[in-house]
Amino acid sequence: MSGANEEFCRALDAGNIATAKAVLIGVVSAHESMQTDKDPNFVNAIKHLEDWLMQCGCIEHVTRSSGLLKSQPPQKLLILTAKAPGAGRIFHLKLRLGNHMEIEAFEG
């Protein structure tokens, strides 16, 4: 597991949502494959982010909402299910799909 994966999981396990969100922002901004996509719905970029999340030892499942949240720019919601010690804990990750994919909110 990479340093960012470990930092993300430590933050989630400690209940530090702000730090976990900051790690996600850093990961998305550091990986071009997670920022841009020729598809206007960012299907490939979101898939790369989902793959990264699933490589984290603390995430059991990632569910992508169907459709987009009708906002400007549009948003996509991912629902994350944590593994132990926070087993069953649910987090909501909102992605802003403007010129680049960005983290809008991370709550749990």
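Residue numbers here run from 1 along each chain, matching the order of that chain's written sequence. For this predicted model, a pLDDT threshold of at least 70 governs which residues receive local features, and a threshold of 80 or more governs which side-chain atom pairs are given and counted, while totals over whole chains, interfaces and linings are taken from all residues. The basis for the side-chain values is all heavy atoms of the structure; hydrogens and waters are excluded.

Asks: Outline the overall build of the chain, listing residues and values.
Replies: Secondary structure is summarised from DSSP: a helix means a run of H or I of at least four residues, a strand means a run of E of at least two, and numbering begins at the N terminus for each. Along the chain, the regular secondary structure elements total four helices and four strands. In terms of C-alpha radius of gyration, the chain reaches 13 Å, essentially the compact-globule figure of 13 Å for 108 residues. Buried residues are those whose accessible area, probed at 1.4 Å on protein chains only, stays under 20% of the maximum for their type, while exposed residues exceed 50% and partly exposed ones sit between those limits. Looking at the chain as a whole, 37% of its 108 residues are labelled buried. Surface accessibility follows the Shrake-Rupley procedure with a 1.4 Å probe radius. Residue values consider only the protein chains on display as shielding. Looking at the chain as shown, the accessible area adds up to about 5700 Å², and 51% of this sits on carbon and sulfur atoms. For the purpose of charge, His is not counted, nor are the chain termini; Lys and Arg are scored as positive and Asp and Glu as negative. For charged residues, the charge sits on one atom: NZ in Lys, CZ in Arg, CG in Asp, CD in Glu. Charge centroids of the chain, computed over 11 positive and 12 negative side chains, lie 4 Å from each other. The globule rule used here is 2.2 Å times the number of residues to the 0.38 power, and the radius of gyration it is set against is calculated over C-alpha atoms.

Asks: For the nonpolar core, give the residues involved together with the corresponding values.
Replies: Among the nonpolar cores identified, the biggest contains 31 residues, and Phe-8, Leu-53, Met-101 and Phe-106 are the most heavily contacted of them. If you list the elements that add at least two residues to this core, you get α1 (3-13), α2 (17-30), α4 (43-55), β1 (59-64), β2 (75-82), β3 (90-97) and β4 (101-107). With six residues, α2 is the largest single contributor of residues to this core. Here, two residues are considered to be in contact whenever any of their heavy atoms come within 4.5 Å of each other. Each residue touching Phe-106, except ones within four places of it in the same chain, is listed here: Phe-8, Leu-12, Ile-17, Ala-20, Lys-21, Leu-24, Leu-80, Phe-91, His-92 and Leu-93. We define the nonpolar core as a collection of buried residues of types Ala, Val, Leu, Ile, Met, Phe, Trp, Tyr and Cys that are connected through side-chain atoms lying within 4.5 Å of one another.

Asks: If you had to explain the state of the cysteines to someone new, which residues and values would you point to?
Replies: Cysteine sulfur atoms that come within 2.5 Å of each other are treated as a disulfide pair. For the structure shown, the criterion picks out one disulfide. Each sulfur in the disulfide pair Cys-9 and Cys-58 lies 2.2 Å from the other. Looking along the S-S bond of the Cys-9-Cys-58 disulfide, the torsion reads about -80°, which is the left-handed sense. Placement of Cys-9 in helix α1 and of Cys-58 in the loop between α4 and β1 is noted, with a sequence separation of 49 residues between them. Like Cys-58, Cys-9 is buried. For the unlinked cysteine Cys-56, the closest cysteine sulfur is that of Cys-9, found at 4.7 Å.

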